[in-house]
Amino acid sequence: MSRSDEVYVVGCGMHPFGRDETVTGMDMAERAVREALADAGVAWEDIGYAVGGSDVSGKPDTLVGRLGLTGVPFANVQNGCATGASTVLAVANALRAGEASLGLAVGFDKHERGAFHVSAARYGLPDWYAETGMMLTTQFFALKTQRYLHEHGIAERALARVAARAFRNGSQHPLAWRRKELTEEEILNSAEVSPPLTQYMFCSPGQGAAALVLALGDRAFDLCERPVKLASLAFRTRRFGSFEVFSPWLPPGPHRSPSVDAAEAAFRTAGLRPADVQVAQLQDTDSGSELIHLAETGLCGHGEQEELLAGGDTDPTGRIPVNTDGGCLAGGEPVAASGLRQFHEVVRQLQGRAPGVQVPGAPRVGFTHVYGAPGISACSVLTV
């Protein structure tokens, strides 16, 4: 692929995650978009193609009423936890197809307090599945984590180490929701939700927005001193037999997660290996999910997570810094914004201007990963 076909991130913006009852989801989205435009040094009128996503907070294309009625093509996507990554993929494909040289991706959501309200019928499942309680993702992820810890001989303290690092990173990040450090003991001794996961090992449905401005080829270098290349972005769904969110049955033997497929495709397209990654964002809707995704994406081997965490290798100063902004555990999960938050953090890290703790050593390769219902995953490799 020549540079004329390459896509770069040249601007990013984000409304702080958390809860803000003084603004709407659309307000959050508008702020994120305007910050991204300002960061890129362009105006809304310069955008030639836009894609937005929201799970519960409105039709993203109606943002044109706030940003300007320029006639820009503006598509909506809704793809669960992969919504943010899907907006980036759609914009990148449009730019490569010659639709425009400058595009925008935005995701936003403003969820109510409490657990996500999910309909079994919406996912093609019968009522009995919901009646068992398995539509509660806390139950599903706890079962999956319990099985994984048993299969690979990992102690429950590893779950607390994941959460403690997340809250430690979040405490230093101005856009994170949870800004208080918690010790491993506090996390282990917090209220049990679904064994082995306790209260502070889960993220919460949240509120927030994030946006990116993407540019094609040389246009990126005209706009940005240090554009970040979208070296690859791969999206995959579940295979037969995989044990995923809202799966009504469990395979007895080994299975292959969509995260494995998406990560392998992303690294293959980028011409890089997991060992090349210097800063990573992994879906951590709970501590167990991050443990599992560390191995599924190839960043470590199955069963190596306990030693990796105990040695500080996933800390910002470690070998493979993970969720340097606190991830979902510290930021909460506004579904459509969460994947774009990952891009925002990795882009800022690679540019050496992270809002929170900065990874030392001028990292040049970043990685993002999202995973959600009903078994979908998207992974990207970003480089400078």
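Definitions and cut-offs
Residues numbered from 1 in each chain as written. Predicted model: local features only at pLDDT ≥ 70, side-chain atom pairs only at ≥ 80, totals over all residues. Heavy atoms only, no water. Helix = DSSP H or I, 4+ residues; strand = E, 2+ residues; numbered from the N terminus. Expected span 1.5 Å × (residues − 1). Buried < 20%, exposed > 50% of the residue type's maximum accessible area, 1.4 Å probe, protein only. Disulfide = S-S within 2.5 Å. Salt bridge = Lys/Arg side-chain N within 4 Å of Asp/Glu carboxyl O. Axes fitted to C-alpha atoms, helices over the stretch in contact; angles between N-to-C directions. Parallel < 35°, antiparallel > 145°, perpendicular 65-115°, else oblique. Left-handed = near helix turned anticlockwise from the far one by under 90°. Contact = heavy atoms within 4.5 Å. Nonpolar A, V, L, I, M, F, W, Y, C, P; charged D, E, K, R; others polar. Phe/Tyr/Trp six-rings, centres within 6.5 Å; stacked < 30°, edge-to-face > 60°. Lys NZ or Arg CZ within 6 Å of the ring centre and 35° of its normal. Core = buried A, V, L, I, M, F, W, Y, C linked by side-chain atoms within 4.5 Å. Domains from an automatic or database assignment. Buried area = accessible area lost by both parts, 1.4 Å probe. Polar contact = N/O pair within 3.5 Å; in protein donor to acceptor, adjacent residues only side chain to side chain. UniProt positions renumbered as here; feature names shortened; annotations may be inferred. Pairing = 2+ DSSP bridges.

### Quick word on helix α3 (residues 83–96)
In step 1: Over its 14 residues, α3 extends 20 Å from the first C-alpha to the last, a length consistent with the 20 Å expected when each residue adds 1.5 Å.
In step 2: Looking only at α3, the buried set comprises Thr83, Gly84, Ala85, Ser86, Thr87, Val88, Val91, Ala92, Ala94 and Leu95.
In step 3: Gly98 sits one or two positions beyond α3 and adopts a positive phi of about 90 degrees.

### Overview of the state of the cysteines
In step 1: Following the criterion strictly, the structure yields 0 disulfides and no others.
In step 2: Just so you know, Cys12 is unpaired, no disulfide at all, and the nearest cysteine sulfur is the one on Cys224, 8.9 Å from it.
In step 3: The closest cysteine sulfur to the non-disulfide-bonded Cys300 is located on Cys379, 14 Å from its own sulfur.

### Brief notes about the pattern of salt bridges
In step 1: The tally for this structure, following the rule as stated, stands at 21 salt bridges.
In step 2: A salt bridge links Arg122 to Asp55; its shortest N-O distance comes to 3.7 Å. Here Arg122, found in the loop between β4 (102–110) and α4 (127–131), pairs with Asp55, found in the loop between β2 (49–53) and α2 (64–67); they are 67 residues apart in sequence, far enough to count as distant.
In step 3: The salt bridge partner of Arg165 is Glu290, with a shortest N-O separation of 2.8 Å. Of this pair, Arg165 sits in helix α6 (residues 157–170) while Glu290 is found in helix α10 (residues 287–296), placing the two residues 125 residues apart along the sequence.
In step 4: Residue classification places Glu290 among the buried residues on the basis of a relative accessible area of 0%.
In step 5: Among the ionic contacts, a cluster of salt bridges with common partners joins Asp27, Glu30, Arg34 and Arg66.

### Considerations on the packing of helix α5 (residues 137–152) against α10
In step 1: Across the interface, α5 lies against α10 with an axial gap of 9 Å and an inter-helix angle of 55 degrees. Judged by the inter-axis angle, α5 sits oblique to α10. Remark: the crossing between α5 and α10 carries left-handed chirality. On α10, the residues that touch Phe141, Lys144, Thr145, Tyr148 and Leu149 of α5 are Gly288, Ser289, Leu291, Ile292 and Ala295.
In step 2: Its residues assigned to classes, the contact of α5 with α10 shows 6 nonpolar, 3 polar and 1 charged.

### Considering the packing of aromatic side chains
In step 1: Within the structure shown, the criterion is met by 6 aromatic pairs.
In step 2: Both rings, one in Tyr8 and one in Phe221, keep their centres 5.1 Å apart while their planes meet at 75 degrees; by these two values the pair is edge-to-face. Taken together, the residues span a long stretch of sequence, with Tyr8 in strand β1 (residues 7–18) and Phe221 in helix α8 (residues 218–223) at a distance of 213 residues.
In step 3: On the basis of relative accessible area, Phe221 is assigned to the partly exposed category, the value being 36%.
In step 4: Plain terms: the ring middles of Phe267 and Phe367 are 5.0 Å apart, the flat faces sit at 10 degrees to each other, and that makes the pair stacked. Residue Phe267 is located in helix α9 (residues 258–270), and its partner Phe367 is located in strand β10 (residues 365–372); the two are separated by 100 residues in the primary sequence.
In step 5: Over the aromatic face of Trp177 sits the side chain of Arg178, whose NZ or CZ is 3.9 Å from the ring centroid.

### Side note on the environment of Met201
In step 1: Mapped onto the elements of the fold, Met201 is located in the loop between β6 (197–198) and β7 (207–216).
In step 2: On the basis of relative accessibility, which here comes to 1%, the residue Met201 falls in the buried class.
In step 3: Taking the C-alpha atoms as reference points, Met201 and Ala164, separated by 37 residues in sequence, lie 8.9 Å from one another.
In step 4: Other than its neighbours up to four places away in sequence, Met201 contacts Leu159, Ala160, Ile187, Leu188, Pro196, Thr285, Asp286, Ser287 and Leu329.

### Focus: the nonpolar core
Nonpolar side chains in soluble globular proteins generally cluster together in the buried interior.
In step 1: In terms of nonpolar packing, the biggest core is built from 43 residues, with Ile187, Val277, Leu291, Leu299 and Phe367 touching the most fellow members.
In step 2: Setting aside residues no more than four positions away along its own chain, Val277 makes contact with Phe267, Leu299, Arg319, Ile320, Val365 and Phe367.
In step 3: Membership of the second largest hydrophobic core comes to 36 residues, among which are Ala210, Val359, Val370 and Ala378.

### A few points about the domain arrangement of the protein
The accessible area lost on association of the parts is a frequent measure of interface size.
In step 1: Under the domain assignment, the protein is made up of domain 1 (3–113 + 208–223) and domain 2 (129–204 + 232–383).
In step 2: Its C-alpha centre places domain 1 at a distance of 24 Å from the equivalent point of domain 2.
In step 3: On the domain 2 side, the residues contacting the 33 residues of domain 1 number 26 residues.
In step 4: With both sides pooled, the region where domain 1 packs onto domain 2 buries about 2500 Å², and carbon together with sulfur makes up 74% of that total.
In step 5: Considering only the surface of domain 1 that becomes buried against domain 2, Met14, Phe17 and Cys81 emerge as the three largest contributors, covering 29% of it.
In step 6: Inspection of the region where domain 1 meets domain 2 yields 1 salt bridge.
In step 7: Among the ionic pairs, Arg353 bridges to Asp39, the shortest N-O distance being 2.8 Å.
In step 8: Run the count over domain 1 and domain 2 and you get 4 residue pairs in polar contact (both at pLDDT 80 or more).
In step 9: Of all the secondary structure elements, the ones that give two or more residues to the side of domain 1 that touches domain 2 are β1, α3, β4 and β7.
In step 10: Residue composition of the side of domain 1 that touches domain 2, grouped by class: 16 nonpolar, 13 polar and 4 charged.

### Concerning the UniProt feature "domain: Thiolase C-terminal" (unreviewed entry) in the protein
In step 1: UniProt feature "domain: Thiolase C-terminal" (unreviewed entry): in the numbering of this structure it lies at residues 259–381.
In step 2: The span residues 259–381 is 40% helix and 14% strand, and its two end C-alpha atoms sit 14 Å from each other.

### Topic: the sheet that holds strand β11 (residues 376–383)
In step 1: Taken in spatial order, the 9 strands make up an open sheet running β3-β2-β4-β7-β1-β8-β11-β10-β9, and their pairing is mixed. Here the strands that pair on one side only, and so sit at the sheet edges, are β3 (74–77) and β9 (279–281). Strand-to-strand twist in this sheet, taken as the mean axis angle between neighbours without regard to direction, amounts to 20 degrees.
In step 2: Alignment of β4 against β7, held across 9 bridges, turns out to be antiparallel. Directly across from Val106, in β7, lies its bridge partner Ala211.
In step 3: On top of the sheet, helix α1 (residues 25–40) reaches β1, β4 and β7; it is set at about 145 degrees to β1, its chief contact.

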